[in-house]
Structures are given as C-alpha cells and as structure tokens.
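These are the residues of each chain, in order.
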Amino acid sequence: MTTTLHHEHPSHQHTHGPDCGHAEVPHGDHVDYAHDGHLHRGHAEHWDECEPAGHVSHAGHDHEHGDGCGHPAVPHGDHVDYVHDGHRHARHEGHWDDH
C-alpha cells in the first residue's frame with residue numbers, strides 16, 4: 001500500500017498556479033507542482049510536500065519514457081519522473097514505478 005506524506009513546507013512563499021512556471025502534476029483529487037526537486041500541493045492555507053511513500057511497480061508498462069517520448073518530464077530528487085495517464089512514472093531497477 002502507498003501512502004502520501006503530509007509535511008508542511010513552512011517557508012514556501014511562492015504561490016503555485018497554472019501560470020507560475022512550475023510543472024503541474026495531476027495527483028488524485030488535486031494538482032502537485034514540481035519545485036526544487038520535490039512536489040508541493042496546496043492544503044488549507046499552506047503548502048505541503050506531497051511525496052509518496054513505499055514502492056509501487058507499474059506492471060505491464062511497455063512504453064519507454066525519455067527525451068521526445070511525448071510525456072512531460074518532471075525533475076524529482078535524483079531522477080526524472082514522466083507524467084503519464086494522470087500519474088508519474090519513474091525508472092527503477094529495470095521497470096517503471098508509479099509515483
């Protein structure tokens with residue numbers, strides 16, 4: 001099972017939105033914004049880190065993501081995620097993970 005961490009980002013002065021310049025990442029019932037190598041989501045009157053916990057393999061994912069694949073690339077920590085079908089995929093040990 002995957003859970004999402006709920007950690008407030010206390011010193012986040014930037015207001016994210018459709019024209020803020022950061023990649024929008026659909027995530028369940030909200031939109032995350034990729035900023036400084038992690039994801040932020042609006043919550044109440046502040047911004048939270050919105051990072052998955054655990055490891056969820058995306059079984060049966062035959063598409064190879066990379067430059068020119070047609071899916072938005074989102075820098076995330078030490079790797080790149082690709083937004084595909086409303087979630088993020090990340091290469092991991094020969095397969096793709098759902099993030």
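Residues numbered from 1 in each chain as written. Predicted model: local features only at pLDDT ≥ 70, side-chain atom pairs only at ≥ 80, totals over all residues. Heavy atoms only, no water.

Draft legend 1. Representation of the pairing of strand E11 (residues 95-98) within the structure. The pairing of strand E10 (residues 87-92) with E11 spans four bridges and is antiparallel. In the sheet register, His92 faces E11, and the bridge partner there is His95. The turn joining E10 and E11, which pair antiparallel and follow one another in sequence, is formed by two residues; a positive phi near 45 degrees is taken by Glu93. (Pairing = 2+ DSSP bridges. Helix = DSSP H or I, 4+ residues; strand = E, 2+ residues; numbered from the N terminus.)

Draft legend 2. Region of interest: the sheet that holds strand E8 (residues 73-76). The antiparallel open sheet is built from four strands, whose spatial order is E8-E9-E10-E11. Taken across any chain shown, the strands that pair with only one partner, and hence form the sheet edges, are E8 and E11. On average, each strand axis in the sheet is inclined to that of its neighbour by 40 degrees, with strand direction left out of account. (Axes fitted to C-alpha atoms, helices over the stretch in contact; angles between N-to-C directions.)

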